[in-house]
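# Overview (structure and organization)
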Amino acid sequence: MFGEDGGRSGEGRGRLLPALLAFALGLTFAAWWIGPKLGKWMLDYPKAWQLPAARHISGWMKWLIDEAHFGLFSFTDLTRFVAQLIDLPYRIVLSLLSTGFLEGQGSAAIQVLPPISWLGVIVTISLMGYYAGGLRLALLVGACFGFLAVFGQWQSAMVTLASILVAAPIGVGFGLLLGLAAYRWSWLERLLKPLLDLMQTIPIFAYLVPILFFFGFGPTAAIVGTLIYAMPPMVRITILGLRAVPSEIVDLGYMVGCTRRQMTWKVMVPSASDALMVGVNQVIMLSLNMVIIASMIGAGGLGFDVLAALRRLDIGAGMEAGFAIVALAVALDRLSQAFARKAGGAHPAMSGNLVSRHPYVASAIAFVAVTFVLGLVWPAVRSYPDAWMLSTGSLWNDIVGWINVQFFDTLEALRNAVLLNLLVPFKRFLGELPWPGVVSVLALLGYRLGGLRLALLAGILSLLIAVTGQWEKAMITVYLCGISVVVASLIGIPIGILAAERERLWGWLQVILDTLQTLPSFVYLMPAVMLFRVGDFTAMIAVVAYSIAPAIRYTALGIQRVDPKVIEAGRAMGCTPWQILAKIKFRLALPEILLGLNQTIMFALSMLVITALVGTRDLGQEVYIALTKADTGRGLVAGLAVAFIAIIADRLISAAAARLREHAA
């Protein structure tokens, strides 16, 4: 089974990763030991050598706003036109769901028509659930929206939903068109790939700084930011989905004489519809996450409620708004997943009149019309009565008060122990590393893993972080991200190994992981702040909770994909269960585990920028400060530094996983 070279390949595979780690650690220690003796410039990048990128970017942005002109129109005219195109559908959807149709402006506005009643929205969403996934899904999404009404979060949730209903279709449409163009022209795909990488690795806050500068403060700017953040997955999935269309279908389309346009819209897109609906699901969930964060630039809704509660440390109000976000996220995620599965199935031909062909749509319209008329007579049908609402705010405040009284000493001792014995020493160690040594280590590690090209990428990107004056804050980012990823891996990898061969446990764990990955990042801050207040330890707890899911999932999938024949061969050779796990399963699953580590790092960096709200002093805080001051140059430079860290980690780990696969072959 193992073959003549099986022992050598297994031995090489076992030694590769430890050798690389020893190589990197040895170089790092040498740089730490020798660097300070060569001069202060080794530790602090001289200001005289720094590139004033932030000032140049800010100046270029100001030129765009004040002077840039394209002949018939200026750049400002273009942004205003885009804002009006987005604002019109947003106002219509917002009027339908929340404010009603108004006449006049501001406080003098008079409601001409009320919005769709809460009953109408719940029944419509339940009918969508029944159509896509049956009675169970209908009850789930209906209960989620009912929760919003019962606990007094309806108005804020409808504002958030209005933004998503506008941003998601635009993101899906543009993502589909870009994906189609990239599939047709390979040069465009090569051009888009690094751009998409940057869009998915630059922190969310960094998007908001130039958008605030171009589009001002308000929901329109928030929707533009949401589009930029949520569109890349749709582009990637469109390309992958079109490439996965069977060649037989493509050949059949050409045989029957389809034109290029018919081939695209009648053959390719329908054949890839199941994959495209997965992209739609991703756009919806990313839009929800971004709309919550975009409350900082005027999006309003549930995100604003959570942000306001965090600022005044009102745990009760924050938890209620957080649970409302969870309910909305779960409903939208399950609904979009069900439509994705339905898109991949067979669709029977329908005949008859319009109502018989679309009974669910007709039923929803009829119910909305009936509740609209009844709402004119009974206000309780139109708006959920205040007297029926429940609130758990005081309960959560009491729970927090009780925890602080009963367990304050224990929690404070835990927090101080981790800070003094782990976080602070590691932070000081990274802060004392000379920047030339770190750049050299990354370049040499890139050369060992992927050759000259990867060495240049890792070396140049890390050098740019120093050249732009972001080195110190970048080291704090690496310290917080590194500690959080190690903790998440130490917890997640054993859980993944434990669940991999226990089908029932893995089934329950998948439900938990799916739920964790639907929650917007703001939600993770609330319990961390509730228990440990603000600071680096709180940030670490929130980052670990947010980033642990991929560590568990990839580990379990890697163990499950190990060839059973190899395991049987190990048993036949007399291996103990521990030896089979450590020497066979874990080693063969190591490439997948490394990819899980890669995703854990990406999640950690994404969450780390959000933790600037709880007092971290890293690149995330730099972006947050730039947002509050509308300093585009400062925000983009710090955001690009985070993106460079993410790209370096991604390329190095991907190269290590590829090397391990080569050794396994």
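Residues numbered from 1 in each chain as written. Predicted model: local features only at pLDDT ≥ 70, side-chain atom pairs only at ≥ 80, totals over all residues. Heavy atoms only, no water.

### Observations concerning the overall build of the protein
Tallying secondary structure elements over the protein gives 28 helices and 2 strands in all. Taken over 665 residues, the protein has a buried fraction of 50%. Put simply, of all contacts in the protein between residues at least 6 apart along the chain, 80% involve residues at least 24 apart. For the protein, the computed accessible surface area is about 32,600 Å², with 67% contributed by carbon and sulfur atoms. (Helix = DSSP H or I, 4+ residues; strand = E, 2+ residues; numbered from the N terminus. Buried < 20%, exposed > 50% of the residue type's maximum accessible area, 1.4 Å probe, protein only. Contact = heavy atoms within 4.5 Å. Areas by Shrake-Rupley, 256 points an atom, 1.4 Å probe, with all protein chains shown as cover.)

### Describing helix H20 (residues 452–467)
For H20, built from 16 residues, the straight-helix expectation of 22 Å at 1.5 Å per residue is met to within 8% by its first-to-last C-alpha distance of 22 Å. Those residues of H20 that sit buried are Leu454, Ala455, Ala458, Gly459, Leu461, Ser462, Ile465, Ala466 and Val467. (Expected span 1.5 Å × (residues − 1).)

### Observations regarding the side chain of Ser163
One can find Ser163 in helix H6 (residues 154–184). Judged by its relative accessible area of 2%, Ser163 is buried. Those residues in contact with Ser163 that lie beyond four places of it in its chain are Tyr90, Ile223 and Val291.

### Side note on the packing of aromatic side chains
Across all of its chains, the model carries 11 aromatic pairs by this definition. Aromatic pair Phe145 and Trp154: ring centres 6.4 Å apart, planes at 70°, arrangement edge-to-face. For the pair Phe145 and Trp154, a shared accessibility class is recorded, and that class is buried. When the centroid spacing of 6.5 Å and the interplanar angle of 50° are considered together, the rings of Phe426 and Tyr479 count as tilted. Taken together, the positions of Phe426 in helix H18 (residues 393–431) and Tyr479 in helix H21 (residues 471–500) put the pair 53 residues apart, joining distant regions of the chain. The exposure class of Tyr479 is buried, given its relative accessible area of 1%. Following the ring pairs from residue to residue traces out a cluster consisting of Trp118, Tyr384 and Trp388. For the cation-ring pair, Arg184 lies above Trp185, with the distance from its terminal atom to the ring centre recorded as 5.9 Å. (Phe/Tyr/Trp six-rings, centres within 6.5 Å; stacked < 30°, edge-to-face > 60°. Lys NZ or Arg CZ within 6 Å of the ring centre and 35° of its normal.)

### Considering the pattern of salt bridges
Applying the stated criterion across every chain yields a total of 11 salt bridges. Across the salt bridge formed by Asp66 and Lys62, the nearest N and O atoms sit 2.9 Å from each other. With Asp66 and Lys62 both in helix H2 (residues 53–66), this residue pair falls 4 residues apart, about one helical turn. Between Glu622 and Arg634 there is a salt bridge, and its shortest N-O distance comes to 2.8 Å. One end of the pair, Glu622, is in helix H27 (residues 619–629); the other, Arg634, is in helix H28 (residues 632–664), with 12 residues separating them in the sequence. Residue Arg634 is classed as partly exposed on the basis of its relative accessible area of 23%. (Salt bridge = Lys/Arg side-chain N within 4 Å of Asp/Glu carboxyl O.)

### A look at the confidence of the model for the protein
Per-residue confidence for the protein averages 81 on the pLDDT scale, and 90% of its residues sit at or above 70. Considering each helix and strand of the protein separately, the mean pLDDT is smallest for helix H1 (residues 6–34), with a value of 56, and largest for helix H5 (residues 135–150), with 91. (pLDDT = per-residue confidence, 0-100.)

### What about the packing of H18 against helix H24 (residues 536–560)?
Relative to each other, H18 and H24 sit at 90°, their axes nearing to 10 Å. It follows that H18 is roughly perpendicular to H24 by the angle criterion. When H18 is examined against H24, the residues Leu414, Arg415, Val418, Leu419, Leu423 and Lys427 are found in contact with a partner set consisting of Asp536, Phe537 and Met540. Taken together, the residues that form the contact of H18 with H24 break down as 6 nonpolar, no polar and 3 charged. (Axes fitted to C-alpha atoms, helices over the stretch in contact; angles between N-to-C directions. Parallel < 35°, antiparallel > 145°, perpendicular 65-115°, else oblique. Nonpolar A, V, L, I, M, F, W, Y, C, P; charged D, E, K, R; others polar.)

### Some remarks on the environment of Thr628
Note on placement: Thr628 falls in helix H27. Residues Thr628 and Met296, spaced 332 residues apart in sequence, show a C-alpha to C-alpha distance of 8.8 Å.

### Focus on the environment of Asp386
Tracing the backbone through its elements, the reader meets Asp386 in the loop between helix H17 (379–382) and H18. Each C-alpha atom, one on Asp386 and one on Gly152, is 7.8 Å from the other, the two residues being 234 residues apart in sequence.

### A short note on the nonpolar core
Counting 196 residues, the largest nonpolar core has Phe145, Trp154, Phe205 and Ile297 as its most contacted members. The element contributing the most residues to this core is H28, with 16 residues. Every residue in contact with Trp154, bar those within four places of it in the chain, is listed here: Leu97, Trp118, Val121, Ile122, Phe145, Leu148 and Ala149. Core analysis: the next-biggest nonpolar cluster, separate from the first, contains 6 residues, Met61, Phe75, Phe214 and Leu636 among them. (Core = buried A, V, L, I, M, F, W, Y, C linked by side-chain atoms within 4.5 Å.)

### Side note on the packing of H6 against helix H9 (residues 219–243)
How two helices pack is summed up by the angle between their axes together with the distance between the axes. Here H6 crosses H9 at 40°, and the two axes come no closer than 7 Å. Taken together, the axes of H6 and H9 are oblique relative to one another. The chirality of how H6 crosses H9 is right-handed. Residue composition of the contact of H6 with H9, grouped by class: 17 nonpolar, 6 polar and 1 charged. (Left-handed = near helix turned anticlockwise from the far one by under 90°.)

### What to know about the side chain of Thr468
By the element assignment, Thr468 lies in the loop between H20 and H21. Separated by 3.2 Å, the side chain of Thr468 and the backbone oxygen of Ile465 make a polar contact. Look past the residues within four positions of Thr468 in its chain and what remains in contact with it is Leu51, Ala53 and Val637. (Polar contact = N/O pair within 3.5 Å; in protein donor to acceptor, adjacent residues only side chain to side chain.)

### Considerations on the environment of Ile601
Looking at where Ile601 falls in the secondary structure, it is placed in helix H26 (residues 577–610). For the pair formed by Ile601 and Val485, sequence separation is 116 residues and the distance between their alpha carbons is 6.2 Å. Aside from chain neighbours lying at most four places away, what touches Ile601 is Cys481, Val485, Ala649 and Ile653.

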